[in-house]
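Tertiary structure, described
Listed below are the residues making up each chain.
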Amino acid sequence: MSDPSIDAEGRLRHLITLDGLGRARIEGLLERAVSLRAQFRAGATSLPLLAGRTIVNLFFEASTRTRTSFELAARRLGATVVNFDIASSSTSKGETLEDTLATIEAMGTDAFVVRHKENGTPARLAAHARRAAILNAGDGNRAHPTQGLLDLLTIRDHKQRIDGLTVAICGDIRHSRVARSAVHGRRALGAAGIRLWGPAALLPDPDEFPGCSLVDDFDAALDDVDVIVMLRIQKERIEHLPGLDEREYFSRYGLDRARLARAKRDAIVMHPGPMNRGIEIADEVADGPRSVILEQVANGIHARMAVLAELLAPH
Ligand code: CP
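All of these numbers come straight from a predicted model, not from anything done at the bench. All residue numbers here refer to positions counted from 1 along the written sequence of the relevant chain. Thresholds applied to this predicted model are a pLDDT of at least 70 for local features of residues and 80 or more for the giving and counting of side-chain atom pairs; totals over whole chains, interfaces and linings are not thresholded and use all residues. Computation of side-chain values: all heavy atoms of the structure, hydrogens and water removed.

So, the site of the ligand
Threshold: Nearness is judged by heavy atoms alone; a residue qualifies as near a molecule or strand once a single heavy atom is within 4 Å of it. Any pair of N or O atoms that falls within 3.5 Å is considered a polar contact. Within protein, one atom must be able to donate a hydrogen and the other to accept it, and sequence-neighbouring residues count only if both atoms are side-chain atoms. Here the accessible surface of atoms and residues is derived via Shrake-Rupley with a 1.4 Å probe, and residues count as covered only by protein chains that are part of the display.
As a matter of local geometry, the ligand sits amid Ser63, Thr64, Arg65, Thr66, Arg115, His144, Gln147, Pro272 and Gly273. A distance of 2.6 Å separates an oxygen atom of the ligand from a polar atom in the side chain of Thr66. A distance of 2.9 Å separates a nitrogen atom of the ligand from a polar atom in the backbone of Pro272. Contact with the protein chains hides 92% of the accessible area of the ligand, taken as 250 Å² for the molecule alone.

Observations regarding the sheet that holds strand β1 (residues 54–59)
Defined as follows: Paired strands, as defined in this entry, are two strands with at least two bridges between them according to DSSP. Only runs of H or I of at least four residues qualify as helices and only runs of E of at least two qualify as strands under DSSP, and these elements are numbered from the N terminus. For helices, the fitted line uses only the C-alpha atoms of the stretch in contact; every axis is such a line through C-alpha atoms, and the angle between N-to-C directions lies from 0 to 180 degrees.
Sheet architecture is open: four strands sit in the order β2-β1-β3-β4, paired in parallel fashion. Strands at the two margins of the open sheet, each flanked by one partner only, are β2 (80–83) and β4 (133–139). Looking at each pair of strands side by side, their axes are set apart by 15° on average, direction ignored. With five bridges connecting them, β1 and strand β3 (residues 111–116) associate as parallel partners. Within β3, the residue paired with Leu58 across the bridge is Val114.

Regarding the environment of Arg131
Defined as follows: Summary of the burial criterion: residues with accessible area below 20% of their type's maximum are buried, those above 50% are exposed, and those between are partly exposed, where the area comes from a 1.4 Å probe applied to protein chains only. Here, two residues are considered to be in contact whenever any of their heavy atoms come within 4.5 Å of each other.
Looking at the secondary structure, you find Arg131 in the loop between α4 (121–128) and β4. Exposure remark for Arg131: the relative accessible area of 46% places this residue in the partly exposed category. Note: C-alpha distance between Arg131 and Ile301 (170 residues apart in sequence) is 24 Å. Among all residues touching Arg131, those that are not within four sequence positions of it are Arg13, Arg53, Glu105, Gly108, Thr109 and Asp110. One polar contact links the side chain of Arg131 to the main-chain carbonyl oxygen of Thr109, over a distance of 3.0 Å.

Quick notes on the layout of surface pockets
We apply this condition: Computed over the protein atoms alone on a 1 Å grid, cavities are sets of points where a 1.4 Å probe fits but cannot get out and pockets are open sets with protein on both sides within 12 Å along at least five of seven lines; a residue lines them when it has an atom within 4 Å of a point. Grid points are joined across faces, edges and corners, and a volume is the space filled by probe spheres set on the points. Gly is put with the polar residues, along with every residue not named as nonpolar or charged; the nonpolar set is Ala, Val, Leu, Ile, Met, Phe, Trp, Tyr, Cys and Pro, and the charged set is Asp, Glu, Lys and Arg. Residue ranges for the domains trace back to a domain assignment, done automatically or taken from a database.
Each pocket or cavity is described by its volume, and for the largest pocket that value is around 320 Å³. At the level of secondary structure, the elements contributing two or more residues to the lining of the largest pocket comprise α2 (65–76) and α6 (177–188). Partitioned by chemical class, the residues of the lining of the largest pocket number five nonpolar, nine polar and seven charged. Counting the residues that make up the lining of the largest pocket, at least three belong to each of domain 1 (23–143 + 297–312) and domain 2 (145–292).

What about the domain arrangement of the chain?
Applied cut-off: Buried area counts how much accessible surface, traced with a 1.4 Å probe, disappears from two parts once they are put together, with both parts' losses summed.
If you check the domain split of the chain, you get domain 1 (23–143 + 297–312) and domain 2 (145–292). Centre-to-centre, using C-alpha coordinates, domain 1 lies 26 Å away from domain 2. Across the contact, 28 residues belong to domain 1 and 25 residues belong to domain 2. Of all residues in domain 1, Arg23, Leu30 and Asn141 bury the most surface against domain 2, accounting for 27% of the area lost on that side.

What to know about the packing of aromatic side chains
What counts, and what does not: Working definition: rings of Phe, Tyr and Trp (its six-membered ring) pair if their centres are within 6.5 Å, and the pair is stacked with planes under 30 degrees apart, edge-to-face with planes over 60 apart, and tilted otherwise.
Following the criterion strictly, the structure yields three aromatic pairs and no others. Aromatic pair Trp197 and Phe218: ring centres 3.9 Å apart, planes at 5°, arrangement stacked. With Trp197 in strand β6 (residues 193–197) and Phe218 in helix α7 (residues 218–222), this residue pair connects regions lying 21 residues apart in the sequence. Judged by its relative accessible area of 4%, Trp197 falls in the buried class. What makes Phe218 buried here is its relative accessible area of 5%. Measuring from centroid to centroid gives 5.6 Å for Trp197 and Tyr253, while their planes differ by 45°, and the two rings are tilted.

Regarding the packing of helix α5 (residues 145–159) against α6
Basically, it comes down to this: Between 65 and 115 degrees an angle is taken as roughly perpendicular, under 35 as roughly parallel, over 145 as roughly antiparallel, and anywhere else as oblique. Should the near helix be turned counterclockwise from the far one by less than a right angle, the crossing is left-handed, whereas a clockwise turn marks it as right-handed.
With their axes 8 Å apart at the nearest point, α5 and α6 run at an angle of 55° to one another. With respect to each other, α5 and α6 are oriented oblique. For α5 against α6, the interelement crossing comes out right-handed. Contacts between α5 and α6 involve Pro145, Gln147, Gly148, Asp151, Leu152 and Ile155 on the former and, on the latter, Val178, Ser181, Gly185 and Arg186.

Some points on the pairing of strand β5 (residues 166–170)
Here is the rule we go by: Note on handedness: a clockwise path from strand one over the helix to strand two, with the strands aimed away from the viewer, defines a right-handed crossover.
For β5, a buried count of five out of five residues is recorded, marking the element as mostly surrounded by other parts of the structure. In β5, alternate side chains face the same way, and those of Thr166, Ala168 and Cys170 on one face and Val167 and Ile169 on the other are all buried. Taken together, the five bridges between β5 and β6 define a ladder with parallel strand orientation. Counted as the bridge partner of Thr166 is Gly193 from β6. Handedness of the crossover joining β5 and β6 through α6: right-handed. With four bridges joining them, β5 and strand β8 (residues 227–230) adopt parallel strand pairing. Directly across from Ile169, in β8, lies its bridge partner Val229.

Focus: the sheet that holds β8
Judged by pairing direction, the sheet is parallel, and its five strands sit side by side in the order β7-β6-β5-β8-β9 without closing on themselves. Looking along the sheet, the strands with just one partner apiece sit at the ends: β7 (212–215) and β9 (268–270). Neighbour-to-neighbour, the strand axes of this sheet turn through a mean angle of 20°, independent of strand direction. Set on the sheet, α5 makes contact with β8 and β9; between it and β9 the angle comes to about 165°.

Dropping the structure here:
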């Protein structure tokens, strides 16, 4: 069956997941992000690549970083952006998502940026869209592809490569779309070893993470790693949250300076945000010299500009 994310000429039509996108395409997006970033750093305040295009943000779940940076990315490339207000929309009168999409698409929309708690919603809308591109801004615990791209960009900035790096992803991996997209992207680009560590109840089915090792000891997971990714507990995706005392969680599972010392001396600390300080990460680490968390945020705009340009700019 053909991949609906790729058009008849082999171009990217939607961005639903990094899984299966392939090394060349992912590297192409990263190169494009670096090139756009260089132009803005050199003084450009806007580029007209998407002039005349209309992009609608459809966020059915809360967001600070993704929604804002998609909007800034689109505006910096000259697009018109509409932030669709779900609460005051006719979805509250029972209109289906498909009808909502078709209605806004009929107004001349070129792309929808979609976040939804249900796995598969962006793919479902992509199958329904007539001409608009669908960009997944996070669906359930399945995928968050632009987060995966901005993470790769940030790692390359510091390590100049992905091949051969050892990465530890720590925390609530079971419910994390960020972890899944991180693994999809890093595997495609040749990360040597990906270790997954977290409380037993928050670890995933290993079959979902081929090529990764599940480690049951935090110190062992951090031993000599190049990159540490800390994740928050995704409370909104856990039906029966076991009684977790936050102080106890931090003492057993939180990253502090002493634990960070297990990693390589030049290891970087990443977190997709939002952070729960004092639960999965200490202030001294989040704000410390190894933290690249705000660089991830800044790179979010560049990665999203690259994706929007790839999907919507004239070829
Ligand atoms: N990383 C991330 O998706 O953050 P937001 O939920 O704030 O968009």
